[in-house]
Amino acid sequence: MNYRMIARIIGYATITEAVLMIPSLLIALLHGESILGFAVAIGSLLAMGLALFSRRPESSNIYAREGFVTVALCWIVFSMFGALPFYIEGMTQTYIDALFETVSGFTTTGASILSAVEGLPYGLLFWRSFTHWVGGMGVLVFMMAVLPLADNRSMHIMRAEVPGPVVGKLVPKAKNTAMILYGIYILLTLLETVLLLIGGMPLFDAVVHAFGTAGTGGFGIKNNSVAYYGSAYIDTVIGVFMLLFSINFNLYFFILLGNIRPVFKNEELRWFLCIVGASVVIIALNINHMYGSFGQSLRYAFFQVGTVISTTGYSTADFNQWPELSRALMVGLMLIGACAGSTGGGMKVSRIMIYAKSTSCEMRRMMHPRSVNIIKMDGKSVSNEVVHNAQVFFILYMFTIVVSTVLVACFDECDFTTNLTAVIACISNIGPGLEAVGPIGNYGFFSPVSKLILTLNMLIGRLEIFPMIMLFNPETWKRV
């Protein structure tokens, strides 16, 4: 284990976070707000970062084990320091609340302990939404795009942080891949901001909502989220961009190259769009009696389906009040999530495809024992290693949900639906669940222990389990 190299990268990360806090500090100054929280956090980050960075390692090599540990530690450190402004400025009553809110931001979950956000300082609201944008593509992918990290250590970090069963490079160098991904990310964010401004949304509101959509996070600056604006245009823009940010960013790279064929042939994209389309139609028909017309039902169904499957968490309607069929579909969409290589959470559509095709292959093998059955995606064979990893991921994902639900039930006397959907919403990085944690609810009533469990769920979900498991596995820390 290359401890000094891990410490050096964490030093890079803390210095980077200090720089990322500066815009929020400047906004606080512009509005005449207290900057004590940001000043303390920035000073602490710089002090720790310079101390860790000053220790030059004997070797700069990073392998898979170091990559997983580095990613997990950086996300924990980022969250711990990122929570300081909220706690110091009194936005939360306890540090655990501040940590929950910050982890929810960086993991793009959008679950909040706050019952009201209107009237809070602009600087803190900006930082709260900016954590979505930073965490959406990945805090270390951002570092790789702007800092001189060698390619032999960048790829292991990217594989540990970018969501999905398979992570590849768009171009030969991982650093250049990170730069391309962030370039696409910035362009889409700017485009959404401009379209929201055209729809009459104020500049600050447009920017923070674009941050939340790009990172598929969902922190709002209004107590009733996007419903506050009451605009079909704004609903449509945000709804469409939630889906755009749920698609594998590799496909946008092909579009930039003028190579459209791989986009239309992409099997995961077709599955994703079919799931969205079918869910919207079924739910719109199911809730039609609740709204004035089928057009209105379609509008609310499209937005809520988009916000859940993309794991964004914005809302224009309280789907907790919908009929049981619609509520059940929404929970199913929470588990499925977005596409691999996107900013969305959940198990990912590509894994659902692998599970479905594995089941089909196994059934054919049972009926025809001598047959050769190969799982294919986009016309290419899926390796047994990828299939095995996807199956292990599913088992660990469900095991974590069950154990976490039981643990939360031990510390909080909430109904089963609240506890279960709170855990699913956190591990899938969605935010709202059902009952007490529905779109108009919050997580503030949970006990401190339950909040820590849900906070860990958010990190496990965003980093897709394995980095967090390796961090707490004694075998990881043994010298080879």
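See above for the structure.
Residues numbered from 1 in each chain as written. Predicted model: local features only at pLDDT ≥ 70, side-chain atom pairs only at ≥ 80, totals over all residues. Heavy atoms only, no water.

### A look at the environment of Pro439
Inspection of the secondary structure puts Pro439 in the loop between α19 (416-427) and α20 (448-462). In sequence terms Pro439 and Ser225 are 214 residues apart; their C-alpha atoms lie 8.8 Å from each other. The contacts of Pro439, once residues within four sequence positions are left out, are Ser315, Ala317, Asp318, Phe319, Asn320, Pro432 and Gly433. (Helix = DSSP H or I, 4+ residues; strand = E, 2+ residues; numbered from the N terminus. Contact = heavy atoms within 4.5 Å.)

### Some remarks on unusual backbone geometry
Look at Thr216: it is not a glycine, yet its phi comes out positive at around 45°. Mapped onto the secondary structure, Thr216 falls in the loop between α10 (203-214) and α11 (232-244). Backbone geometry at Ser225 places phi at a positive 55°, although glycine is not the residue there. Position of Ser225 relative to the elements: it lies in the loop between α10 and α11.

### Comments concerning the environment of Leu46
Mapped onto the fold, Leu46 is located in helix α2 (residues 36-53). Taking the C-alpha atoms as reference, Leu46 lies 44 Å from Leu273; in sequence the two are 227 residues apart. Ignoring anything within four residues of it in the chain, the contact list for Leu46 reads Ile15 and Ala18.

### Quick word on the packing of helix α15 (residues 294-309) against helix α16 (residues 324-336)
Packed helices, taken two at a time, are described by the angle between their axes plus the distance between the axes. Axis separation between α15 and α16 bottoms out at 8 Å; the angle between their running directions is 35°. Across the interface between the two elements, Gln304, Val305, Val308 and Ile309 of α15 pack against Met330, Leu333 and Met334 of α16. For the contact of α15 with α16, a count of residues per class yields six nonpolar, one polar and no charged. (Axes fitted to C-alpha atoms, helices over the stretch in contact; angles between N-to-C directions. Nonpolar A, V, L, I, M, F, W, Y, C, P; charged D, E, K, R; others polar.)

### A few points about the nonpolar core
Soluble globular proteins: nonpolar side chains tend toward being buried together. Ranked by internal contacts, the top residues of the largest apolar core, which has 134 residues, are Phe249 and Tyr443. A per-element tally of this core places helix α1 (residues 3-30) first, with 10 residues. (Core = buried A, V, L, I, M, F, W, Y, C linked by side-chain atoms within 4.5 Å. Buried < 20%, exposed > 50% of the residue type's maximum accessible area, 1.4 Å probe, protein only.)

### Remarks on the pattern of salt bridges
Two side chains with opposite charge may pair up if their charged atoms get near one another. For the structure on display, the rule yields nine salt bridges. We note a salt bridge from Arg351 to Glu464, for which the minimum N-O separation is 2.8 Å. Taken together, the residues span a long stretch of sequence, with Arg351 in helix α17 (residues 349-367) and Glu464 in the loop between α20 and α21 (466-471) at a distance of 113 residues. Overall, Arg351 belongs to the buried group, its relative accessible area being 4%. A salt bridge links Arg365 to Glu362, with the nearest nitrogen and oxygen atoms 2.6 Å apart. With Arg365 and Glu362 both in helix α17, this residue pair falls three residues apart, about one helical turn. Residue Glu362 is classed as partly exposed on the basis of its relative accessible area of 40%. Here the residues in one salt-bridge network are Glu324, Arg327 and Glu435, joined through shared partners. (Salt bridge = Lys/Arg side-chain N within 4 Å of Asp/Glu carboxyl O.)

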